[in-house]
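Understanding the architecture of this molecule
Now for the letters of each chain:
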Amino acid sequence: MNFRVVSHTIGLILLVEMAFMLPSLAWCWVDGEGGVALAFAVSLALMGLAAAALLLAGRRAKGGFFAQEAFVTVGLCWVVMSLLGCLPFYLSGQIPRYVDALFEVVSGFTTTGASILADPGQMSRGLLFWRSSTHWLGGMGILVFALAIVPAGRKSGAFYLMRAESPGPSVGKFTPRLGQTSKILYAMYVFLTALCVLFLLGGGMPLFESLCTAFGTAGTGGFGVKADSMASYTPYLQWVVTIFMALFGVNFSIYYLLLLRRFKLAAKDEELHCYVLVLLAAGGLIAWNIRPMMASWGESVRHAFFQVSSIMTTTGFSTVNFDLWPAFSKAILLCLMLIGACAGSTGGGVKVIRLVIMAKVLRCNIRRTLRPRSVQLVHVNGKVVEDEVQQGVSAYLAAYWFIVFASFIFISLDGFPLESNFSAVFACINNIGPGFGVVGPMANYAAFGDLPKLVLTANMLLGRLEIFPLLALVSRHSWSRRI
């Protein structure tokens, strides 16, 4: 284990986090929120000391990253930046309990959108902006951002870092240099975010709310600035958010292919086909099912597709209390929580590509059972899926379900209904936010005790990092000398 390079990288990440905190401090000065500004200043000072200590410990770091260092670094980075990133909430007194502040900021960084706040509108604009900024920073990944700005000479082993943080069963490179790939990813991310802001401004949404909403949409996080999320906005603004949520749930490699004008190759992507098909089918079925509850077909379609886009991309915005919808619609939404968005997007969940691979593996196994001598290969997008990838998908799903059921048992200690407990775990590990019952779209997570909140906080981190980087932190092999 190369502890110096790990320490140096975490120190750099803290500097990046501090830089993203500065605009929130500026909002405090503009609004004359001296107390909150002081909380940000103290937080920045403490983070600066921590960054200096880590950089000092990592001075003269030699060598690069291998898988061992990469997974430990990613896990530690997200833990450390969460432990320090929640300080403005806590020190300002607007979230007076540290566990609650930690839950809120982890929900932001992991783009979950679960909250302990009954009415976010009561919070200062500086803290609201930091809350939404965590969505945008966590959506594409803070280490991916670091890869885009760190000089090329310091990126040895960068592929391992990107593989450990990026969502999906595999990570590909758009260009031969991974740093260039990171810059392309963030350029597309910034462009789509800016486009979303412009469309929101065009619909009459104020600048501050447009920025916060766009950050939540781009990061597929779902932190709103109002207690009713998106319910009080106009149908135009709701449709804008619906479309952009769906766009950010698409694998960013598709947009890169479009930039290269390789339209046929983009159109042949199997994961994209499945993603669009599920989104349209689920939206249509729910619109039909809730039609008697709505004033018109137009309203039914709008609310149905907003919630389908929000849940499938794991954003978590809401326009209505879908907890009151018929069981058929709620069952579809629960399935969408599991499916999630595409790999390589800012969305969470198990990912569409994993389910595509597992469905094809199941089909091959059935054929192999019927024809034992036949050679059955799994193909996705015309390429053979290697056994290593298939095993990785199986291992992920096994770990996923073990964590889901273990967490479900732990948070049931508070005695809430089973539907609330299970949907809370599902909503947190899939980085969605709202669930059903106690944690429904018009409720929050404040009712849970400290232990369940810590379990759900861990679920959010496990879901965003796709389990293994955090499990690496508790494995003794991660800390041993590499052979």
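For every chain, the first residue of the written sequence is number 1, and numbering continues from 1 onward in sequence order. Two thresholds apply to this predicted model, a pLDDT of at least 70 for residue-level local features and 80 or more for giving and counting side-chain atom pairs, whereas whole-chain, interface and lining totals are computed over all residues. The side-chain values count all of the structure's non-hydrogen atoms but skip hydrogen atoms and water molecules.

**Focus: the overall build of the chain**
Strands are runs of DSSP state E lasting at least two residues, helices are runs of H or I lasting at least four, and both sets are numbered from the N terminus onward. A count of helical and extended segments in the chain gives 21 helices and two strands. Each principal axis of the C-alpha atoms in the chain carries an extent, and together these give about 65 × 60 × 50 Å. Out of the 483 residues belonging to the chain, those deemed buried represent 58%. Split by element, the accessible area of the chain, about 19,800 Å² in all, is 67% carbon and sulfur. Across the chain, 35 positive and 22 negative side-chain charges occur, with their mean positions spaced 14 Å apart. Only protein chains enter the accessibility calculation, which uses a 1.4 Å probe; a residue is then buried when its area is under 20% of its type maximum, exposed when over 50%, and partly exposed in between. The Shrake-Rupley method, run with a 1.4 Å probe, gives the accessible areas here. Residue values count only the displayed protein chains as cover. Working convention for charge: Lys and Arg count positive, Asp and Glu count negative, and His plus the chain ends are omitted. By convention, charge coordinates are those of NZ in Lys, CZ in Arg, CG in Asp, or CD in Glu.

**Notes on the packing of aromatic side chains**
Any two aromatic rings considered together are summarised by their centre-to-centre distance and by the angle between their planes. Working definition: rings of Phe, Tyr and Trp (its six-membered ring) pair if their centres are within 6.5 Å, and the pair is stacked with planes under 30 degrees apart, edge-to-face with planes over 60 apart, and tilted otherwise. For the coordinates displayed, the defined rule picks out 28 aromatic pairs. Taking the centre distance of 5.6 Å and the plane angle of 80° together, the rings of Tyr186 and Tyr189 count as edge-to-face. Of this pair, Tyr186 and Tyr189 are both found in helix 9 (residues 178–202), three residues apart, which corresponds to roughly one turn of the helix. Owing to a relative accessible area of 6%, Tyr186 belongs among the buried residues under this scheme. One aromatic cluster is present, built from ring pairs that chain together Phe20, Trp27, Phe129, Trp136, Tyr186, Tyr189, Phe208, Phe215, Phe248, Phe252 and Tyr255. For the cation-ring pair, Lys226 lies above Tyr233, with the distance from its terminal atom to the ring centre recorded as 4.3 Å. Only when the NZ atom of a Lys or the CZ atom of an Arg is both within 6 Å of the ring centre and within 35 degrees of the ring normal do we say a charge sits over the ring.

**Things to note about helix 5 (residues 98–109)**
Under the convention used throughout, the expected extent of a helix is 1.5 Å for every residue step, that is, one less than its residue count. Over its twelve residues, helix 5 extends 16 Å from the first C-alpha to the last, a length consistent with the 16 Å expected when each residue adds 1.5 Å. Restricting attention to buried positions, one finds in helix 5 the residues Val99, Asp100, Ala101, Leu102, Phe103, Glu104, Val105, Val106, Ser107, Gly108 and Phe109. Any two residues having at least one pair of non-hydrogen atoms within 4.5 Å are treated as being in contact. Next to the buried residues of helix 5 lie helix 1 (3–31), helix 3 (67–85), helix 4 (87–92), helix 6 (125–140) and helix 20 (450–464).

**A few points about the pattern of salt bridges**
Any two side chains of opposite charge can pair, given that their charged atoms come close. The working definition used for a salt bridge is a side-chain nitrogen of Lys or Arg within 4 Å of a carboxyl oxygen of Asp or Glu. Under the definition given, this model contains ten salt bridges. Note that Lys453 is salt-bridged to Asp100, the shortest N-O span being 2.6 Å. Taken as a pair, Lys453 in helix 20 and Asp100 in helix 5 lie far apart in primary sequence, 353 residues in all. Taken as a pair, Lys453 and Asp100 share a single burial class, namely buried. Note that Arg131 is salt-bridged to Glu104, the shortest N-O span being 2.8 Å. Of this pair, Arg131 sits in helix 6 while Glu104 sits in helix 5, and the two are 27 residues apart along the sequence. Shared partners join several salt bridges into a network, and the residues in it are Arg97, Asp100, Asp450 and Lys453.

**Some thoughts on the environment of Gly11**
Its location among the elements puts Gly11 in helix 1. By relative accessible area, Gly11 is classed as buried at 0%. With 36 residues separating them in the primary sequence, Gly11 and Met47 have C-alpha atoms 9.3 Å apart. Ignoring anything within four residues of it in the chain, the contact list for Gly11 reads Ala51, Leu54 and Leu55.

**A short note on the packing of helix 1 against helix 3**
Comment: axis = line fitted to C-alpha atoms, over the contacting stretch for helices; angle = value between 0 and 180 degrees taken between N-to-C directions. Where helix 1 meets helix 3, the closest approach of the two axes is 9 Å, and the angle between their N-to-C directions is 35°. Both helix 1 and helix 3 take part in a crossing whose hand is right-handed. Facing Val5, Val6, Thr9, Ile10, Ile13, Leu14, Glu17 and Met21 of helix 1, the residues of helix 3 in contact are Glu69, Thr73, Leu76, Cys77, Val80, Met81, Leu84 and Gly85. The sense of a crossing depends on the near helix, which, turned anticlockwise from the far helix by less than a right angle, makes the crossing left-handed and, turned clockwise, makes it right-handed.

**Overview of helix 16 (residues 327–339)**
Here helix 16 spans 18 Å end to end across 13 residues, near enough to the 18 Å set by a 1.5 Å rise per residue. Those residues of helix 16 that are buried are in contact with helix 14 (270–290), helix 15 (297–312), helix 17 (352–370) and helix 19 (418–429). Two residues or fewer after helix 16 comes Gly340, characterised by a positive phi angle close to 75°.

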